[in-house]
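Residue-level structural notes
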Amino acid sequence: MSNAPESVPAATIHLRAAGCSLLVLADDDRLPRIRHWGADLGEQSSAGAAGIDIVSDPHSHLSGELPASEVSVVTDPTTGWFGRAGLKGSRLGRSWSTSFRTTKVELNGRPVAGFTEGGPGTLRIAAVDDEAALTLHLVIELLDSGLVRLRATLTNDGADFDLDELSLNVPVPSQATEILDFAGRWGMERQAQRHDFTVGTHLRESRRGRTGLDAATVVHAMEPATTFSAGEAWGVHVAWSGNHRHFAEHDSTGVRLLGGGELLLPGELQLATGESYTTPWLYASYGVGLDAVAHRFHNYLRDRPQHVSTDRLVTLNVWEAVYFDHDPERLIALADRAAEVGIERFVLDDGWFGARRNSGAGLGDWTVSADVWPDGLHPLVNAVRSHGMQFGLWFEPEMVNLDSDLARAHPDWIMAARSVLPREQRSQHVLNLSIPECFTAVHDQLVAMIAEYEIDYLKWDHNRDHLEAGLQSAGGAPTEHAQTLAVYQLLDDLKERFPALEIESCAAGGGRIDLGILERTDRVWVSDCIDPLERQRLMRWTGQLLPPELMGSHIGSPRSHTTHRTHDLSFRAATALFGHYGVEWDLGAATEDDLRELADWIAIYKKHRGLINRGNVLRGPDPADNLWLHGVVAGDRSEALYGVAAMSWGAASTPPRARLRGLDAVRRYQVAPIVVGDADRGFTPPRWWDDRTAVVSGAALESVGVQLPNLHPEHSILIHVIAVD
Ligand code: GLA
């Protein structure tokens, strides 16, 4: 017989924040349901008024199937739900069918029953299934930003339980008929894909042991023809840096759900009696227009105490300048040049350690290579610091080359699921950081380097996908879950020991961009492609999750190393401006003119970084198919900076106007271009270009806009707008 606590009376909780309402029903005989997530419903006096009776129509389900409003946040087949089950697992084929009874409902730590209304808050719900001997603890939060997040913890109260999946979901209404999410590859991450939300499951899975270059990032369901500024849109994001899934599910009864969770490998998680498993957070953002969805993510990130300051330091990364060719004299000369143009942080990339003269050796041996650095890194670090710059260093802590002292000493630390090692990628394998001795070895090497050189900034790379991620000593048992937690632990330990250390999340470019890694890192590397034409698109869509100050954004060489396109400095610099600014170009090969212009661009960034690093991001409306507009507007609408990029040559011979959104309709603004370097861009400037006397209302700038010049393809302009009253 069970001695479980009494069941609870029904509770309906209506939470409101930042223009968003979340209405949750929790009662005794099943898991909680979200009755509404979306537009603010305003204050209500009772559950009925809050729309439950409108949303829920018990007579509409003729077949006995579950109506949309009855689908719980962990979908549960025993309630009559025939879609994907949120909880999958068994005890060798038993206890696979679960039915939970709610035993506790608390809002902000206090029990609630009946109808309760409040601002942002945390709802904690406990539920048990006595027969299956399982307990679920759910956390559902509405944050100040209006972002919703959900998490579940499953505890096994019986004999060993094999857990296959624990996913959470949120419902979206029937007008959400389109899906938008992202795909990608190396150098081309976050390609937007948009299509109908048809019956079936749109399933996006990553089995790469990292978030993935092809990550879905945010899966949206939205009204047809939703733009950056119009149309209701709902998006979810799984905050996990290992194997994971997102899904958008639409069943024949009309239910539409967005959800996700961790993807567990076969047999990966067995819960012994009393053991628990906690899912990653599922974040859910609602807005009218895709910008509004993005703003909730941005505002949430910016609200965190550990969020970066607005004074993001201009960075030089030497990867595309020298690759593996480390010559201390040349690098010191590069540091001198960097300081001259105003760079504030110097990052030494791959190639400084062990036998790392190319990608085939050295990973795992995090000590300075005496071959190329006979006096250690000190001469370089001293030169960097003598200019008042910070010093940053590249690591790839989870990886190992077979040609390394570490692999020779501990071949059993390498991930493998069979008697042979998995296929190599980039000549490297993955270390099992869940092995305590391996964790300690990597940890201690990192700590020693950071301490010796007082490293300010660590670029943390993860260049290969995981394959056959098993633990050799356990017969190849899967170890992805433990690996992701170990990586988090390592990052957390370093942050605790070196609180001022900034960490960049890089994975062959933008392969590890998620809110799990961003809890413990300070920016991401958006992509290995720094061709500004590609970067316009990459920044536009990475911005769906991240604000500019978290997106590493560099000015590359005139000729892109990835695409071999050539661009003027003005396009490269103006494109990179809307991120965490940096340079990745061999300044030793730059002309004096280039360096002068680069210094001017860096000065422009420094002048505007307060705005760029806290402003509200706006994308579109694009003046034309080939002309992309984006910008940042200060929170108080006193100032804005817009960029217009000509992605190709335009169809019309007369250039269109750019409508500048986000300003205060009744305030008046002065509009001016930001011109750096050679003012002659080969176009006839429109009248406002040189006219500092013109003052225009925000309403006029939004509805009429400013006339654009006839931009050459793959060029851009910057428009600065400042309030005069
Ligand atoms: C990855 C990163 C690059 C660079 C190289 C070094 O590809 O994305 O920026 O650090 O590794 O090997």
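About the criteria used
- Residue numbering note: each chain is counted from 1, following its sequence as written.
- Note on the predicted model: pLDDT of at least 70 is required for a residue's local features to be given, and 80 or more for side-chain atom pairs to be given and counted; whole-chain, interface and lining totals, by contrast, use all residues.
- Calculation of side-chain values draws on the structure's entire complement of heavy atoms; hydrogens and water are dropped beforehand.
- A run of H or I in DSSP becomes a helix once it reaches four residues, and a run of E becomes a strand once it reaches two; helices and strands are each numbered from the N terminus.
- Within these notes, the globule rule equals 2.2 Å times the number of residues to the 0.38 power, and the radius of gyration is based on C-alpha atoms.
- For every residue, the accessible area (1.4 Å probe, protein chains only) is compared with the maximum for its type, and the residue is labelled buried under 20%, exposed over 50%, or partly exposed between those bounds.
- Strands are treated as partners if at least two bridges between them are detected by DSSP.
- Known as pLDDT, the predictor's per-residue confidence is scaled from 0 to 100.
- Should any heavy atoms of two residues lie within 4.5 Å, those residues are considered in contact.
- Definition of a polar contact: a pair of N or O atoms within 3.5 Å, with one able to donate and the other able to accept a hydrogen when the atoms are protein atoms, and with sequence-neighbouring residues admitted only if both atoms are side-chain atoms.
- Residue proximity to a molecule or strand is established when one non-hydrogen atom of the residue lies within 4 Å of it.
- Accessibility throughout is a Shrake-Rupley quantity obtained with a 1.4 Å probe, and a residue counts as covered only by protein chains that appear here.
- When the centres of two rings from Phe, Tyr and Trp lie within 6.5 Å, Trp using its six-membered ring, the rings pair. Their planes under 30 degrees apart give stacked, over 60 give edge-to-face, and anything left gives tilted.
- Two thresholds decide whether a charge sits over a ring: the Lys NZ or Arg CZ must be within 6 Å of the ring centre and within 35 degrees of the ring normal.
- To define axes, lines are fitted to C-alpha atoms, for helices over the stretch in contact only, and angles between the resulting N-to-C directions are given on a 0 to 180 degree scale.
- Working rule for helices: expected span equals 1.5 Å times residues minus one.
- Here a salt bridge means any side-chain nitrogen of Lys or Arg lying within 4 Å of a carboxyl oxygen belonging to Asp or Glu.
- Put simply, a nonpolar core is a bunch of buried Ala, Val, Leu, Ile, Met, Phe, Trp, Tyr and Cys residues held in one set by side-chain atoms that sit within 4.5 Å of each other.
- Angles are sorted into four bins: roughly parallel if under 35 degrees, roughly antiparallel if over 145, roughly perpendicular if 65 to 115, and oblique for all others.
- The handedness criterion is simple: a crossing whose near helix is rotated anticlockwise from the far helix by less than a right angle is left-handed, and one whose near helix is rotated clockwise is right-handed.

1. A few points about the overall build of the chain
Helix and strand counts for the chain stand at twelve helices and 42 strands. Relative to a compact globule of 725 residues, whose C-alpha radius of gyration would be 27 Å, the chain shows 27 Å and is just as compact. Projected onto the principal axes, the alpha-carbon positions of the chain cover approximately 85 × 70 × 40 Å. Sorting the 725 residues of the chain into buried and exposed places 61% on the buried side.

2. Considering the pairing of strand S14 (residues 188-196)
Examined bridge by bridge, strand S13 (residues 178-185) and S14 share seven bridges and lie antiparallel to one another. Paired with Asp-181 across the two strands is Gln-193, which belongs to S14. In textbook terms, the turn of a hairpin is the stretch between consecutive antiparallel strands, and for S13 and S14 this stretch comprises two residues, one of which, Gly-187, has a positive phi near 75°.

3. Regarding the confidence of the model for the chain
Averaged over every residue, the pLDDT of the chain is 95; the share at 70 or more is 96%. Note on residues 58-62: pLDDT is under 50 here. Beyond four places in sequence and across chains, it has two contacts.

4. A word on the environment of Arg-614
Residue placement: Arg-614 occurs in the loop between helix H11 (592-612) and strand S35 (616-619). Considering only alpha carbons, one finds Arg-614 and Ala-634, 20 residues apart in sequence, at a separation of 7.2 Å. Those residues in contact with Arg-614, other than ones at most four positions away along the chain, are Arg-302, His-307, Val-308, Ser-309, Thr-310 and Glu-549. A distance of 2.7 Å separates a polar side-chain atom of Arg-614 from the backbone oxygen of Val-308.

5. What to know about the site of the ligand
The local shell around the ligand holds 13 residues, among which Asp-349, Asp-350, Arg-426, Lys-459 and Asp-528 are the closest. Between the ligand and Lys-459, the relevant distance is 2.7 Å, taken from an oxygen atom to a side-chain nitrogen or oxygen of the residue. Contact distances for the ligand include 3.0 Å between an oxygen atom and a backbone N or O atom of Gly-509. Summarising the interface, the protein chains cover 97% of the accessible area of the ligand, which totals 310 Å² for the free molecule.

6. Here we look at the packing of aromatic side chains
Under the definition given, this model contains 17 aromatic pairs. Ring centres of Trp-319 and Tyr-323 lie 4.9 Å apart, and the angle between their planes is 75°; on these two criteria the pair is classed as edge-to-face. Relative to Phe-353, the ring of Trp-352 lies with its centre 5.1 Å away and its plane at 75°, an arrangement referred to as edge-to-face. Across this residue pair, the class does not change: Trp-352 and Phe-353 are buried. Aromatic rings pair up to connect Trp-352, Phe-353, Trp-366, Trp-394 and Phe-395 into one cluster. The ring of Trp-525 has Arg-535 lying over it, and the distance from NZ or CZ to the ring centre is 4.7 Å.

7. Things to note about the sheet that holds strand S40 (residues 695-697)
Taken in spatial order, the six strands line up as S35-S36-S37-S42-S39-S40 in an open sheet, and their pairing is antiparallel. Two strands lie at the open edges of the sheet, namely S35 and S40, each paired on one side alone. Strand-to-strand, the axes of this sheet are offset by a mean angle of 25°, without reference to chain direction. As defined by bridge partners, S35 adjoins strand S36 (residues 627-633) across four bridges and the pair is classed as antiparallel. Each bridged residue has a counterpart across the sheet, and for Leu-618 the counterpart in S36 is Gly-631.

8. Remarks on helix H8 (residues 480-497)
Helix length check: H8 (18 residues) gives 26 Å between terminal C-alpha atoms against 26 Å at 1.5 Å per residue, within 8%. Among the residues of H8, Glu-480, His-481, Gln-483, Thr-484, Ala-486, Val-487, Tyr-488, Leu-490, Leu-491 and Leu-494 are the ones counted as buried.

9. Let's talk about unusual backbone geometry
Cis geometry is found at the peptide bond from Gly-620 to Pro-621, where omega equals 5°. Turning to its location among the elements, Pro-621 is positioned in the loop between S35 and S36. Located in the positive-phi region is Asn-108, a residue other than glycine, with phi close to 50°. Examined against the element boundaries, Asn-108 turns out to sit in the loop between strand S5 (101-107) and strand S6 (110-111). Phi at His-564 takes a positive value of approximately 65°, unusual for a residue other than glycine. Along the chain, the position of His-564 falls in the loop between strand S33 (551-555) and helix H10 (569-576).

10. Digging into the pattern of salt bridges
One pass over the structure, following the stated rule, counts 46 salt bridges. Of the charged contacts, one joins Asp-371 and Arg-357 as a salt bridge, the two residues approaching to 3.9 Å between their closest N and O atoms. Pair noted here: Asp-371 is in the loop between strand S24 (345-348) and helix H5 (378-386) and Arg-357 is in the loop between S24 and H5, with a separation of 14 residues, a long-range link. Two residues, Arg-523 and Glu-504, come together in a salt bridge whose shortest N-O distance is 3.2 Å. Taken together, the residues Arg-523 in strand S32 (residues 523-525) and Glu-504 in strand S31 (residues 502-505) connect sequence positions 19 residues apart. A relative accessible area of 1% places Arg-523 in the buried class.

11. Let's talk about the sheet that holds strand S19 (residues 256-262)
What the four strands build is an open sheet, ordered S12-S19-S18-S15; its pairing is antiparallel. Only two strands of the sheet have a single neighbouring strand rather than two, namely strand S12 (168-171) and strand S15 (200-206). The mean angle between the axes of side-by-side strands here comes to 15°, regardless of whether they run parallel or antiparallel. Strand direction decides the pairing type here: S15 and strand S18 (residues 244-250), joined by seven bridges, are antiparallel. In the strand pairing of S18, Gly-200 is matched with His-250.

12. Examining the environment of Pro-623
As for its position among the elements, Pro-623 is in the loop between S35 and S36. Residue classification places Pro-623 among the buried residues on the basis of a relative accessible area of 19%. Sequence spacing of Pro-623 and Arg-657 is 34 residues, and the spatial spacing of their C-alpha atoms is 6.2 Å. Once residues lying within four places of it in the same chain are set aside, the contact partners of Pro-623 are Trp-628, Leu-629, Val-644, Pro-656, Arg-657, Ala-658 and Leu-708.

13. What to know about the nonpolar core
Counting 176 residues, the largest nonpolar core has Trp-37, Phe-346, Leu-348 and Trp-352 as the members making the most contacts within it. Of all hydrophobic cores here, the second largest spans 24 residues; its members include Tyr-669, Val-671, Leu-711 and Ile-717.

14. Section: the packing of helix H9 (residues 532-542) against H10
For the pair H9 and H10, the least separation of the axes is 9 Å and the interaxial angle reads 15°. Accordingly, the angle class assigned to the pair H9 and H10 is roughly parallel. The crossing of H9 and H10 is left-handed. Contacts between H9 and H10 involve Pro-532, Leu-533, Arg-535 and Gln-536 on the former and, on the latter, Phe-571, Arg-572 and Thr-575.

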